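Examination of the molecular architecture
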Amino acid sequence: MSRVLVIGGGAAGLLAAGTAAQWGAEVTVLERNPRLARKVMITGKGRCNVTNASDLQQLIAHVPRNGRFLYSAFSNFTSEDIRELLSQYGVETKVERGNRVFPVSDKAVDVVDALVRFVHANGVRVRQARVTDLILDNGVCGGVIDEDGTRYEADAVIVCTGGLSYPRTGSTGDGYHLAKQAGHTVTTLLPSLVPLCTREYDVTQMQGLSLKNCTLRVTDTVTGKTVFEELGEMMFTHFGVTGPLVLSASAHMKDMAVGRYILSIDLKPALSEQQLSDRLLRELEAHKHATVATMLATLLPRSMVKVMADRSGLQASAPCHSVTREQRLRLLEKLKNFTLTVEAFRPIDEAVITSGGVEVKEVDAKTMASRLVDGLYFAGEVLDVDAYTGGYNLQIAFSTGAAAGRAAAQR
């Protein structure tokens, strides 16, 4: 019976462990936290977007970094497979907008509990330990050593330690250290799916404001191209912007530099420019004896009124009948094209995922086995693969974990 050690008890680690046990291996998970799958617990605002119900080609298309590497893993463990596994362990799922899959209960804890039941039902042992070193001998990995000096010997070791994002969940980059011990290349580590710092100071006046239905467009000023455009939700903060639209947009911003990317927000995407122009004329007429601020409050959230007035060259306390045609046209333009200049990503520990990781050219795409060291495997975020929001990153974890677990058990 093959002895398999899984380092990390997150989404990839639990799939790797349970799968390896199903294939007859004696499996132990070494997890530094007292609880398993802490990062899964906080995904999707606590609802857990477990996967995406798109087909194989769409899954790969939503993985901009080394997506083709995942062809075999995605083919052999699909989004339907993870849904069936969760169902088997008591969690039914549903499909929402954008093919995003959530538990019917809308509770991430139910997904975590199902994954834990999966590993326990298959006889996997779980121990709390932080692994610091691999046991390497003549190009073979024979186990690991934890921070207390305890040695764990095995026929196969699967590294599923996550990235650098959300360090409070235990993702502090341990896997990159282990990979480098084995001679692997670790590509540049950057935040992805991350809030954005913006240049304009007026965002602080709108701190906490959520826009529910707006269109966000991102323009790369170097190429002049639109790199992202989507309808959805976002929020203003003391440093800039965050929320689903912003996190998705951040994944399209390559080679970040101060001022390179411009955000353009259409605050009234349901109205054409002509329709909005007609609406403005009606509102100005209806409020001709009221203030500009009163009129703007019929179009915008209250915390945005002064900002919009200032950006449009309007005096908030002025009567509407004093608004000139030029001012009205500037207001129209700002409502359809409210711009922000991106200064930087927020720190990597605020990112949903880490971009970069173990160089995939050094990993077998079918088995997730190291091409440099026998008996060593990688799965999940520690690899140099990352996707957009929508359940794709968890599917990467599940699929690569299943591939590594199956291969490690068959050594």
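Described below are features of the structure shown in this document.

About the thresholds
- Residues numbered from 1 in each chain as written.
- Predicted model: local features only at pLDDT ≥ 70, side-chain atom pairs only at ≥ 80, totals over all residues.
- Heavy atoms only, no water.
- Pairing = 2+ DSSP bridges.
- Helix = DSSP H or I, 4+ residues; strand = E, 2+ residues; numbered from the N terminus.
- Salt bridge = Lys/Arg side-chain N within 4 Å of Asp/Glu carboxyl O.
- Buried < 20%, exposed > 50% of the residue type's maximum accessible area, 1.4 Å probe, protein only.
- Polar contact = N/O pair within 3.5 Å; in protein donor to acceptor, adjacent residues only side chain to side chain.
- Contact = heavy atoms within 4.5 Å.
- Phe/Tyr/Trp six-rings, centres within 6.5 Å; stacked < 30°, edge-to-face > 60°.
- Expected span 1.5 Å × (residues − 1).
- Axes fitted to C-alpha atoms, helices over the stretch in contact; angles between N-to-C directions.

Next up on the list: the pairing of strand β17 (residues 338-345). Of the strand pairs in this sheet, strand β12 (residues 196-198) and β17 are connected by three bridges, and their pairing is antiparallel. Residue pairing across strands places Thr198 opposite Val342, the latter belonging to β17. The sheet contact formed by strand β16 (residues 261-266) and β17 spans four bridges and is antiparallel. From the neighbouring strand, Ile265 faces β17, where its bridge partner is Phe338.

The next thing to look at is the pairing of strand β8 (residues 140-146). Pairing of strand β7 (residues 131-137) with β8, which is carried by six bridges, proceeds in the antiparallel orientation. Within β8, the position partnered with Asp137 by the bridge is Val140. Linking β7 back to β8 in an antiparallel pair, the connection comprises two residues, with Asn138 at a positive phi of about 50°. One ladder, built from three bridges, connects β8 with strand β9 (residues 151-153); its direction is antiparallel. Across the sheet, Ile145 pairs through a bridge with Arg151, a residue of β9.

Let us now look at the pattern of salt bridges. Following the criterion strictly, the structure yields 20 salt bridges and no others. Notably, a salt bridge pairs Arg346 with Glu350, separated by 3.1 Å at the nearest N-O pair. Residue Glu350 is classed as partly exposed on the basis of its relative accessible area, which comes to 30%. Of the charged contacts in the structure, one is a salt bridge between Arg411 and Asp374, with a shortest N-O distance of 3.0 Å. With Arg411 in the segment after α13 (392-409) and Asp374 in the loop between β18 (353-355) and β19 (376-378), this residue pair connects regions lying 37 residues apart in the sequence. Take Arg411: its relative accessible area is 42%, and that puts it in the partly exposed class. In the salt-bridge network here, residues are joined through shared partners; they are Arg47, Lys94, Glu96 and Asp106.

Mapped onto the elements of the fold, Thr19 is located in helix α1 (residues 11-22). On the accessibility criterion, Thr19 (7% relative accessible area) is buried. There is a polar contact of 2.6 Å between the side chain of Thr19 and the backbone oxygen of Leu15. Excluding anything up to four places from it in sequence, Thr19 contacts Phe118, Ala402, Gly405 and Arg406.

With that settled, consider the packing of aromatic side chains. Using the criterion set out here, one finds two aromatic pairs in the structure. Here Tyr89 and Phe118 contribute two aromatic rings whose centre-to-centre distance is 5.7 Å and whose plane-to-plane angle is 65°, an arrangement assigned as edge-to-face. In this pair, Tyr89 sits in the loop between α5 (79-88) and β4 (93-96) while Phe118 sits in helix α6 (residues 108-121), placing the two residues 29 residues apart along the sequence. The class of Phe118 is buried, set by a relative accessible area of 0%.

To continue, consider α6. Under the 1.5 Å per step criterion, the end-to-end length of α6 is 20 Å for 14 residues, consistent within 8% with the ideal 20 Å. Within α6, burial applies to Ala108, Val111, Val112, Ala114, Leu115, Val116, Phe118 and Val119. Buried positions along α6 lie against α1, α2 (38-42), α5, β5 (100-103) and α13. Remark: Gly123 follows α6 within two positions and exhibits a positive phi of approximately 80°.

Moving on: the environment of Thr298. Turning to its location among the elements, Thr298 is positioned in the loop between α10 (292-296) and α11 (302-311). The spacing of Thr298 and Leu276 is 22 residues in sequence and 13 Å in space, taken between C-alpha atoms. For Thr298, the residues in contact, after removing those within four places along its chain, are Arg279, Glu283 and His287. At 3.4 Å, the side chain of Thr298 and the side chain of Glu283 are in polar contact. Within polar-contact distance, the side chain of Thr298 engages the backbone oxygen of Met295 at 2.5 Å.

The next subject is the sheet that holds β12. Spatially, the six strands close up into a barrel ordered β12-β15-β14-β13-β16-β17, and their pairing is antiparallel. Neighbouring strand axes in the sheet, compared pairwise and without regard to direction, differ in orientation by 45° on average. Alignment of strand β13 (residues 210-220) against β16, held across six bridges, turns out to be antiparallel. Within the sheet, the bridge partner assigned to Arg217 lies in β16 and is Ser264. In this fold α11 packs onto β14 (225-236) and β17, with an angle of close to 105° to the strand it touches most, β17. The strands that helix α12 (residues 325-336) touches are β16 and β17; relative to β16, the one it contacts most, it runs at about 105°.

It is worth spelling out the sheet that holds β4 at this point. With antiparallel pairing, three strands are arranged side by side in an open sheet as β3-β5-β4. Both edges of this open sheet fall to β3 (51-52) and β4, since each of them pairs with a single strand only. In this structure, β4 lies alongside β5, joined through four bridges in antiparallel fashion. Residue pairing across strands places Val95 opposite Val101, the latter belonging to β5.

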